[in-house]
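Descriptive structure summary
Here's the letter readout for the chains.
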Amino acid sequence: MGMSADERLGMDIKRVEQSLMSAKHLAVRPAGLTVPQYAALFALAGNPGISGAALARTCLVTPQAMTVVLKNLEERGLVERSPHPWHRNVLETRLTEAGRTALELADERAVAIERAIADEFTEGERATLRELLARCEQAIGRAAARQ
């Protein structure tokens, strides 16, 4: 073994990510949403008309996964999709009123989790944490490129 368990940060990062996703799952459930559905609605609120592919990139999921999320949201009447005026093979996606209502309910509860995280740190510490996480991501990318 090249590194002891104490030297490895991957499990710490994963543990925090799983804890966050678990808490968000509980937070958005009363709105009838999953975390990926909530993420899609949240992104759509700020980017009306975005394509499924762009939405997938924004939400950090594969286009195939986003297709499933959007299909479920559309079937429930939370989003509507229509052909782009110039690019007929691109579908624009927008929130419906029902989608906006579900998002507002879910976001109210999800914000409480985000606020609890933010409140643990000073503004400077939050900036440092973001910088450190960005460095982790860059290091992972470099290591993966060497594989």
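Quick caveat: nothing in here was measured; it's all calculated off a predicted structure.

1. Focus: the environment of Glu 74
Mapped onto the elements, Glu 74 comes out in helix α4 (residues 63–75). Judged by relative accessible area, Glu 74 falls into the partly exposed class, the value being 37%. With 25 residues separating them along the chain, Glu 74 and Gly 99 place their C-alpha atoms 9.4 Å apart. In this structure Glu 74 touches Val 79 and Arg 81, once residues within four positions along its chain are discounted.

2. Let's talk about the packing of helix α2 (residues 35–46) against α4
Interhelical geometry of α2 versus α4 gives an angle of 80° and a closest axis separation of 10 Å. Between α2 and α4, the angle is such that the two are roughly perpendicular. Facing α2, whose interface residues are Pro 36, Gln 37, Ala 40 and Leu 41, α4 presents Met 66, Val 69, Asn 72 and Leu 73. When the residues that make up the contact of α2 with α4 are grouped by side-chain class, the tally is six nonpolar, two polar and no charged.

Definitions and limits used
- Residues numbered from 1 in each chain as written.
- Predicted model: local features only at pLDDT ≥ 70, side-chain atom pairs only at ≥ 80, totals over all residues.
- Heavy atoms only, no water.
- Helix = DSSP H or I, 4+ residues; strand = E, 2+ residues; numbered from the N terminus.
- Buried < 20%, exposed > 50% of the residue type's maximum accessible area, 1.4 Å probe, protein only.
- Contact = heavy atoms within 4.5 Å.
- Axes fitted to C-alpha atoms, helices over the stretch in contact; angles between N-to-C directions.
- Parallel < 35°, antiparallel > 145°, perpendicular 65-115°, else oblique.
- Nonpolar A, V, L, I, M, F, W, Y, C, P; charged D, E, K, R; others polar.

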